[in-house]
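Each chain is listed here by its residues.
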Amino acid sequence: LSTCASAQVAKKRLGLGGPEGGQRAFDVVVIDEAAQALEVACWVPALLGRKCILAGDHNQLSATVKSADATKEGLDRTLFARIIDTYGDLACSLLSIQYRMNEVIMGWSSESFYHSRLEAADEVSKRVLLDVLTDPSACGTDLSPVFGAPLLFVDTCGAEGYAEEGEGVTG
């Protein structure tokens, strides 16, 4: 099933179960990015399998709900969050080795959200953009100060073309 919404269509086409459950079409159902999938969207696919695995990270992006009324009624809740709140570490496993970013960048999120339990894999722990550029000298400028650092902040305050607009923005 490609989405939680398509699970309802699959359930009808497979002629599965009534409201009490009935047959299960799959041994295992995996719902990826479950921390972003609303609880109400997860129940149909979850009930199509004998076992359900929720994959995701509740410390990253949450579910998007545009209706204030739905949020007020608790419909912004994810099944993933409910399970974490109810069972905590008993119901989840942290994938503590990450393979995406330099350890300097990863360090902030590890400390802020994961109680310093994340580790950068050896193959990425020291990687910087300069390491993956095919020809860093192609532009005729030494790029190492910029692309050789794992993290770089650029102050655009007052720079033309970078003005912020909107409510609450000053300056």
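Rules used in this analysis
For every chain, the first residue of the written sequence is number 1, and numbering continues from 1 along that sequence. In keeping with the model being predicted, local features are shown solely for residues with a pLDDT of at least 70 and side-chain atom pairs are shown and tallied solely at 80 or more, while totals for entire chains, interfaces and linings include all residues. Only hydrogens and water are set aside when side-chain values are computed; all heavy atoms of the structure are taken into account. Buried residues of nine kinds, namely Ala, Val, Leu, Ile, Met, Phe, Trp, Tyr and Cys, make up a nonpolar core once their side-chain atoms join them within 4.5 Å. Each residue gets one of three labels from its accessible area relative to the maximum for its type: buried under 20%, exposed over 50%, partly exposed in between, using a 1.4 Å probe on protein chains only. The helix count covers DSSP runs of H or I at least four residues long, the strand count covers runs of E at least two residues long, and both are numbered beginning at the N terminus. What makes two residues a contact is simply this: any of their non-hydrogen atoms within 4.5 Å. To be clear, the arc concerns the directions from the helix axis to the C-beta atoms. Any pair of nitrogen or oxygen atoms within 3.5 Å is treated as a polar contact; in protein, a donor-acceptor pairing is required on top of that, and neighbouring residues in sequence qualify only through side-chain atoms on both sides.

Draft legend 1. Expanded view of the nonpolar core. Counting ten residues, the largest nonpolar core is built from V29, I31, A34, A35, A37, C42, L48, L79, F80 and I84. Those elements giving two or more residues to this core turn out to be β1 (26–31) and α4 (79–87). Broken down by element, this core gets its largest block of residues, three residues, from α4. When neighbours within four sequence positions are excluded, I84 is seen to be in contact with H58 and C92.

Draft legend 2. Helix α5 (residues 103–113), seen in detail. Listed as buried for α5 are M106, S109 and S110. One face of α5 carries all of its buried residues, which in axial projection span an arc of 105 degrees. Opposite the buried face of α5, by more than 90 degrees, sit the exposed residues W108 and E111. Buried-residue contacts for α5 involve β3 (97–98) and β4 (119–120). For α5, the N-terminal capping position is held by N102, with its side-chain oxygen 2.7 Å away from the main-chain nitrogen of V104. Positive phi appears at H115, one or two residues downstream of α5, with a value of about 55 degrees.

Draft legend 3. Representation of the side chain of N102 in the model. Along the chain, N102 falls in the loop between β3 and α5. Given the relative accessible area of 6%, N102 is considered buried. A polar contact of 2.7 Å, which involves the side chain of N102, links it to the backbone nitrogen of V104. Ignoring anything within four residues of it in the chain, the contact list for N102 reads V124, S125, K126, R127, V128 and P150.

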